[in-house]
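Summary of the model geometry
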Amino acid sequence: MVVYSLQCPPCQSSPWGIYPVYDTGSRMRDWVKFIWNLKHKGIGAEEVFLYASVVVDTSWRTRNDKVHNNYTVDVKKCIDYICTSYADLHTTIFPSPSPYLKVSWSPPPQDWIKLNHDVRVGFDSMCLAVVARNHLGRVVWVQTSCVDFSDALCGEEAAYCLAILTAKDIGAKFVIVKSDSRVVINALNGKESH
């Protein structure tokens, strides 16, 4: 019989602190019922079932290697294999949800132009981009440029400079420049030097 406990020493712990207590007369269906009822305790039963499946599969393979191939059982390697296999399968079967970020863009005042700029860093070069929009949110100008260096901070600064040159090229009198680089913004506002 096998009883399952939610408290255990760290050396016998699953990711949820569940481990089997042997010789209690319990059957496989008791194990499945125990795992399934974990959802009522706020634990994802599907993830525990995946973990249990990896444990059973590893145990069965290890048993077969011992019985049929006379292999020596290394418990630490089995535990490492279980943890690694579970982690690999978990990321495939239960991908982590991407955080939902509410992105909102607000138009500039009438007669103003808003310039959003950014940079994409490559291995030995980067691409700069600037998008200019009017008070209606319409794109009035797009400017891109490639540069032959790959320092991200320098790229953010170069993208800002490209935005200023774009404002000059389109003859904008009133501009708002938007950046996602706090370092560049703080440097321009005199809050820090870099």
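Keep in mind that what you see is a predicted model, and the values were worked out from it rather than measured.

The rules behind the values
Residues numbered from 1 in each chain as written. Predicted model: local features only at pLDDT ≥ 70, side-chain atom pairs only at ≥ 80, totals over all residues. Heavy atoms only, no water. Salt bridge = Lys/Arg side-chain N within 4 Å of Asp/Glu carboxyl O. Helix = DSSP H or I, 4+ residues; strand = E, 2+ residues; numbered from the N terminus. Contact = heavy atoms within 4.5 Å. pLDDT = per-residue confidence, 0-100. Pairing = 2+ DSSP bridges. Axes fitted to C-alpha atoms, helices over the stretch in contact; angles between N-to-C directions.

1. Focus: the pattern of salt bridges
Think of it this way: side chains of opposite charge can pair up when their charged atoms draw near. This structure, assessed with the given rule, holds one salt bridge. Arg-61 serves as the salt-bridge partner of Asp-57, at 2.8 Å between the closest nitrogen and oxygen. Residue Asp-57 and its partner Arg-61 are both found in helix H2 (residues 45–69); the two are separated by four residues, about one turn of the helix.

2. A few points about the side chain of Thr-58
Within the fold, Thr-58 resides in helix H2. Aside from chain neighbours lying at most four places away, what touches Thr-58 is Cys-78, Tyr-81 and Ile-82.

3. Observations concerning the confidence of the model for the chain
Of all residues in the chain, 81% attain a pLDDT of 70 or more, and the chain-wide mean is 80. Note that pLDDT drops below 50 for residues 1–13; the model gives that stretch 42 contacts with residues more than four away or on any other chain.

4. A closer look at the sheet that holds strand S5 (residues 139–147)
Paired through backbone hydrogen bonds, the strands of a sheet run either parallel or antiparallel to each other. As summarised here, the arrangement of the four strands in space is S5-S4-S3-S6, forming an open sheet in which the pairing is mixed. With partners counted over all chains shown, the strands left at the sheet margins are S5 and strand S6 (175–178), one partner each. This sheet shows a mean twist of 15 degrees between the axes of neighbouring strands, independent of strand direction. Here eight bridges tie strand S4 (residues 126–133) to S5, and the two strands are oriented antiparallel to one another. Residue pairing across strands places Leu-128 opposite Ser-145, the latter belonging to S5. Here helix H4 (residues 152–169) sits on the sheet and contacts strand S3 (113–121), S4, S5 and S6; the angle it forms with S3, its principal contact strand, is near 150 degrees.

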